[in-house]
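One-letter residues, chain by chain:
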Amino acid sequence: MTDANPTNPGLLNWLLILLLGIIWGAAFLSVRVALDGFGPWTVAALRTSIAAVILCSIGTLMGQGIEKIKSPSQWIFCLVIGTGAIALPFVLLSLGQQVVPSAFAGVAMGAVPLLVLPLVAIFSPEEGIGPRRIIGMGLGFVGVIILVGPGAIKTAGEPFETLGRMACLSAAACYAAGSVLTRRAPAMPPIAFASATMVVAAAIVLPLALYLEGLPNQFPPIPSLALLFAALGPTALAAVIRVRVITTAGSVFMSLTSYMVPVWSVILGIIILNEQLSSTLFFALALILLGIAISQSRSLLGMFRRA
């Protein structure tokens, strides 16, 4: 059995990024609902804190506790990633989603693969960046724009909307940089790695949330359940999967989830919220799938040959 790598990610990594697409596709919905009952800083703080407790508990039970991270270089990466790729983008998205259309947040996340490409070319050249991947990523991004439609550029009339849009784009840049940093990090047990970065994020955001917004006065049922889901799925579980995929298949492959997130957001909106099926959905989906197929054509052909 061939080990997974950026050229041949393997079936398991394909299944994992599909699962991540579904989990993160529901994340925007859960965060929006949570913001109806809690402030943006509180949402980010509780999301990271609950996830940190869960990851540390699971890691200890599985022999991958946070104590497995020992060297200074390992902790430096955990500190940087926890701060810049978890704490900062979580806060930025919570703040941004208050004043921008959700469609724009979807486009911002869809830009992650394009932001990853130049970073990978400079800091992780072994992943391989060529015309095939650039064309594929570009097609996928066009598909995302078509999928979310004119709502992505339509103004919502909020006074701080420009700042909100900048916050969403900045969060996308944080995720792109975080993927490359995770790829370059020293070898660590995946659950221990995810636990350490989440503990760092919680240690930063929780005191700020308490200072800026104080303790929540109440825990309304629906926003509380949405926040709990955001902590369990898109934060805790996704953190472990993300580390596993990036360290084995690379940050470019991992960035493909950013094209899946808007697709699943639309599909879940149709299923859960009974939203109308967009006439452009299938065309946009075809472009996204075509972009993924072009950018990952070698690994897909390899999988079919081995099947």
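Preceding this section is the structure that the text describes.
Scoring rules and cut-offs
Residues numbered from 1 in each chain as written. Predicted model: local features only at pLDDT ≥ 70, side-chain atom pairs only at ≥ 80, totals over all residues. Heavy atoms only, no water. 1 Å grid on protein atoms, 1.4 Å probe; cavity = no way out; pocket = protein on both sides within 12 Å on 5 of 7 lines; lining within 4 Å. Points joined across faces, edges and corners; volume = space filled by probe spheres on them. Helix = DSSP H or I, 4+ residues; strand = E, 2+ residues; numbered from the N terminus. Nonpolar A, V, L, I, M, F, W, Y, C, P; charged D, E, K, R; others polar. Patch = residues over 30% accessible without salt bridge, like charges linked within 9 Å, V, L, I, M, F, W, Y side chains within 5 Å. Areas by Shrake-Rupley, 256 points an atom, 1.4 Å probe, with all protein chains shown as cover. Salt bridge = Lys/Arg side-chain N within 4 Å of Asp/Glu carboxyl O. Buried < 20%, exposed > 50% of the residue type's maximum accessible area, 1.4 Å probe, protein only. Phe/Tyr/Trp six-rings, centres within 6.5 Å; stacked < 30°, edge-to-face > 60°. Axes fitted to C-alpha atoms, helices over the stretch in contact; angles between N-to-C directions. Parallel < 35°, antiparallel > 145°, perpendicular 65-115°, else oblique. Left-handed = near helix turned anticlockwise from the far one by under 90°. Contact = heavy atoms within 4.5 Å. Core = buried A, V, L, I, M, F, W, Y, C linked by side-chain atoms within 4.5 Å. Expected span 1.5 Å × (residues − 1).

Asker: Requested: an account of empty space enclosed by the protein, with residues and values cited.
Answerer: For the coordinates displayed, the defined rule picks out one cavity of 30 Å³ or more. Computed from the structure, the largest cavity encloses a volume of approximately 480 Å³. Residue lining of the largest cavity: 31 residues in total, with Trp24, Phe90, Tyr175, Pro234 and Arg242 positioned closest to the centre. Of all the secondary structure elements, the ones that give two or more residues to the lining of the largest cavity are α1 (11–34), α3 (72–96), α7 (161–184), α8 (190–213), α9 (221–249) and α11 (257–273). Here the lining of the largest cavity is built from residues that sort into 21 nonpolar, eight polar and two charged.

Asker: Explain a nonpolar patch on the surface to me, using residue names and the numbers behind them.
Answerer: Among the surface-exposed residues, Ile204, Leu208, Tyr211 and Leu212 lie close enough to one another that they form a single nonpolar patch of about 410 Å² accessible area. Relative to the helices and strands, Tyr211 resides in helix α8. The class of Tyr211 is exposed, set by a relative accessible area of 71%.

Asker: Tell me about the packing of aromatic side chains, and please be specific about residues and values.
Answerer: Going through the model one piece at a time under the given rule, you end up with two aromatic pairs. Judged by centre distance (5.0 Å) and plane angle (90°), the rings of Trp14 and Phe253 are edge-to-face. Taken together, the positions of Trp14 in helix α1 and Phe253 in helix α10 (residues 251–254) put the pair 239 residues apart, joining distant regions of the chain. In this structure, Trp14 and Phe253 share a single accessibility class: buried.

Asker: Account for the packing of α3 against α8, with residues named and values stated.
Answerer: Look at α3 against α8: their axes get within 8 Å of each other, and the N-to-C directions meet at 55°. Relative to α8, α3 is oriented oblique. Classified by chirality, the crossing of α8 by α3 is right-handed. Residues Trp75, Cys78, Leu79, Ile81, Gly82, Thr83, Ile86, Ala87 and Val91 of α3 touch α8, and the partners they reach there are Phe193, Ala196, Thr197, Met198, Val200, Ala201, Ile204 and Val205. Here the contact of α3 with α8 is composed, by residue class, of 14 nonpolar, three polar and no charged.

Asker: Would you mind going over the packing of α3 against α7 in detail, with residue names and values included?
Answerer: Following both chains from N to C, one finds α3 and α7 inclined at 160°, their axes separated by 8 Å at the closest point. When the axis of α3 is compared with that of α7, the two are roughly antiparallel. Handedness of the α3/α7 crossing: left-handed. When α3 is examined against α7, the residues Phe77, Val80, Ile81, Gly84, Ala85, Leu88, Pro89, Phe90, Leu92, Leu93 and Gly96 are found in contact with a partner set consisting of Gly164, Ala167, Cys168, Ser170, Ala171, Cys174, Tyr175, Gly178, Leu181, Thr182 and Arg184. Residue classes in the contact of α3 with α7 are distributed as 15 nonpolar, six polar and one charged.

Asker: Tell me about the nonpolar core, and name the residues and values.
Answerer: In terms of nonpolar packing, the biggest core is built from 73 residues, with Trp24, Met109, Val245, Leu256 and Tyr259 touching the most fellow members. Ranked by size, the runner-up nonpolar core spans seven residues in total, among them Leu35, Phe38, Val43 and Ala226.

Asker: Tell me what's going on with α8, and back it up with residues and numbers.
Answerer: Over its 24 residues, α8 runs 33 Å from end to end, which matches the ideal 34 Å to within 8%, given 1.5 Å per residue. Looking one or two residues beyond α8, the residue adopting positive phi is Gly214, at roughly 75°.

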